[in-house]
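One-letter residues, chain by chain:
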Amino acid sequence: MSFPTHRPRRLRRTPALRRLVAETRLSVDDLVAPLFVREGLEGPAPISSLPGQCQHSVDSLVKEALRLADLGVPALVLFGVPVTKDENGSGAWDPDGIVQVALAELRAALGDQLVLMADLCLDEYTLSGHCGVLGADGEVDNDATVELYGRVALAQARAGAHVVAPSGMMDGQVEAIRRALDADGHIDTAILAYAAKYASALYGPFREAVDVAIAEGGDRTGYQQDSRNRREALAEVALDVAEGADMVMVKPALSYLDVIADVRRAVDLPVAAYHVSGEYAMVKAAAERGWIDGPAVALEQIGAIKRAGADFILTYFAAELAEQLDRG
Ligand code: PBG
């Protein structure tokens, strides 16, 4: 063999060398834990499609949040499961609705120790299972829906959310929410916009977690993005930034690493990515069968999302990873 001047393996010889030249580092600070709270529960109820995750009662939710704070995880994102649904999804902005009650309890127990993010959508609360209200033609009525999102944002901010995270992919939702918050004095409540959210088959386990079935074989292709599109994500992100988003998100994560990298280059705001329920469930299922090393794959996947350009990652692995990772 000749003597190439550059031998990359020199820098891979020892763990310390590899640590020294690592280009990205995943830390506990990069993680956001999605949590589910269900109205009327006495204690936690496991979610079979998301091994290790559960629907929480308000009490068990607060305990889990305290545990996450102890582990050094900086933030959680909350989803609510109401007992009753209606046409407009009014439980989403009811001051006594499950998410509002839970946020108030979390804020009382944790203060500002954890960033409290509230997913802002109607799908858990509407009879149709759609992310908005239906118009006379049976389609989701965009403008009527964003008006309701404003109400949800207010209810969440009043209950103690630091961040509201609109996930419905309605046009103009960020602007409507920013206006509603500002008009009520919540100028410091931040918006994490699900800016590039794709109509994905990877949300299946989540829908079991929140008891959502979309009416009559419907889907969300009329409002979420088409997975064949890459440039369109940048147009969506630009709109949300112009409307006042403080942070933007790409979702799902692993099938959209190109989009994460594009968005990272296009904006200077924090970029989030959501490693969604199906991504988590696939790792768990294969690990249960002994086909892969679950914790190693989790680390590799969440690390790849960081490498692609995400500043932080919403992941059901948050607590597990926090136990494996160094802090800070
Ligand atoms: C909608 C919402 C969904 C998820 C987060 N917010 C489901 C959907 O768009 O159908 C999915 C999260 C996951 O799969 O982990 N409120």
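Residues numbered from 1 in each chain as written. Predicted model: local features only at pLDDT ≥ 70, side-chain atom pairs only at ≥ 80, totals over all residues. Heavy atoms only, no water.

Chemist: Which residues make up empty space enclosed by the protein, and what values go with them?
Modeler: Enumeration over the complete set of coordinates arrives at two cavities of 30 Å³ or more. Volume-wise, the largest cavity comes out at about 140 Å³. Residue lining of the largest cavity: 17 residues in total, with Asp123, Lys197, Tyr203, Phe206 and Lys251 positioned closest to the centre. Looking at the second largest cavity, the residues that line it are Leu78, Phe79, Gly80, Ala92, Val99, Gln100, Asp119, Cys121, Glu124, Tyr125, Val152 and Gln156. (1 Å grid on protein atoms, 1.4 Å probe; cavity = no way out; pocket = protein on both sides within 12 Å on 5 of 7 lines; lining within 4 Å. Points joined across faces, edges and corners; volume = space filled by probe spheres on them.)

Chemist: Any chance you could break down the layout of surface pockets for me, citing the residues and the numbers?
Modeler: Sizing a probe to match a water molecule and rolling it over the atoms shows the empty space that remains. Within this model, the second largest pocket holds a volume of roughly 310 Å³. Lining the second largest pocket are 17 residues, and of these Glu139, Val140, Thr221, Gly222 and Tyr223 lie nearest its centre.

Chemist: Help me get a handle on a positive patch on the surface, residues and values and all.
Modeler: Residues Arg7, Arg9, Arg10 and Arg12 make up a contiguous surface patch of positive charge. You can see Arg12 is positioned in the segment before helix 1 (15-20). (Patch = residues over 30% accessible without salt bridge, like charges linked within 9 Å, V, L, I, M, F, W, Y side chains within 5 Å. Areas by Shrake-Rupley, 256 points an atom, 1.4 Å probe, with all protein chains shown as cover. Salt bridge = Lys/Arg side-chain N within 4 Å of Asp/Glu carboxyl O. Lys, Arg positive; Asp, Glu negative; His and termini not counted. Charge placed at Lys NZ, Arg CZ, Asp CG, Glu CD. Helix = DSSP H or I, 4+ residues; strand = E, 2+ residues; numbered from the N terminus.)

Chemist: Quick rundown of the pairing of strand 8 (residues 247-251)? Include the residues and the values.
Modeler: Side-chain direction in a regular strand flips from residue to residue, so the side chains alternate between the two faces of the sheet. Extensive coverage of strand 8 is indicated by the burial of five of its five residues. Assessed by its sense of winding, the connection that carries the chain from strand 8 through helix 8 (residues 257-266) to strand 9 (residues 271-275) is right-handed. (Buried < 20%, exposed > 50% of the residue type's maximum accessible area, 1.4 Å probe, protein only. Right-handed = clockwise from strand over helix to strand, strands pointing away.)

Chemist: Lay out helix 2 (residues 58-71) with the relevant residues and their values.
Modeler: An ideal rise of 1.5 Å per residue puts 20 Å on 14 residues; helix 2 measures up with 20 Å between its terminal C-alpha atoms. Three or more residues of helix 2 are buried, namely Val58, Ser60, Leu61, Val62, Glu64, Ala65, Leu68, Ala69 and Leu71. Just downstream of helix 2, Gly72 is the residue with a positive phi angle, here 95 degrees. (Expected span 1.5 Å × (residues − 1).)

Chemist: An account of the nonpolar core is needed here, citing residue identities and associated values.
Modeler: Grouped together as the largest cluster of nonpolar side chains are 111 residues, with contacts concentrated most on Phe36, Leu78, Leu106, Tyr149 and Leu192. Among the elements that make up this core, the one with the highest residue count is helix 4 (residues 142-159) (nine residues). Each residue touching Leu78, except ones within four places of it in the same chain, is listed here: Leu35, Val37, Leu61, Val99, Ala102, Leu103, Leu106, Met117, Ala118 and Asp119. (Core = buried A, V, L, I, M, F, W, Y, C linked by side-chain atoms within 4.5 Å. Contact = heavy atoms within 4.5 Å.)

Chemist: An account of the pattern of salt bridges is requested, with residue identities and associated values reported.
Modeler: This model, assessed by the stated rule, comprises 17 salt bridges. Put simply, Asp123 and Arg220 hold a salt bridge, and the shortest N to O gap is 3.2 Å. Taken together, the positions of Asp123 in the loop between strand 5 (115-120) and helix 4 and Arg220 in the loop between helix 6 (204-209) and helix 7 (231-243) put the pair 97 residues apart, joining distant regions of the chain. Here Asp123 falls in the buried class, since its relative accessible area comes to 6%.

Chemist: Any details on unusual backbone geometry? Residues and values, ideally.
Modeler: Here Lys251 and Pro252 are connected by a cis peptide whose omega angle stands at -10 degrees. Note that Pro252 resides in the loop between strand 8 and helix 8. Non-glycine residue Met169 carries a positive phi angle of around 60 degrees. With respect to the element layout, Met169 can be found in the loop between strand 6 (163-166) and helix 5 (173-183). Phi angles above zero are rare outside glycine, and Asp211 is one such case at about 55 degrees. Tracing the chain through its elements places Asp211 in the loop between helix 6 and helix 7.

Chemist: Explain helix 7 residue by residue, including any values.
Modeler: A rise of 1.5 Å per residue sets the reference length of helix 7, with its 13 residues, at 18 Å; its end C-alpha atoms lie 19 Å apart and thus fit the reference within 8%. Residues of helix 7 that are buried: Ala233, Glu236, Val237, Asp240 and Glu243. What you see down the axis of helix 7 is that its buried residues fit within an arc of 125 degrees, all on one side. Exposed residues on helix 7 whose side chains face more than 90 degrees from its buried face are Arg231 and Ala242. Where helix 7 is buried, its residues contact helix 5, strand 7 (190-197), strand 8 and helix 8. Following helix 7 by one or two positions, Gly244 has its phi on the positive side, about 115 degrees. (Arc of directions from axis to C-beta.)

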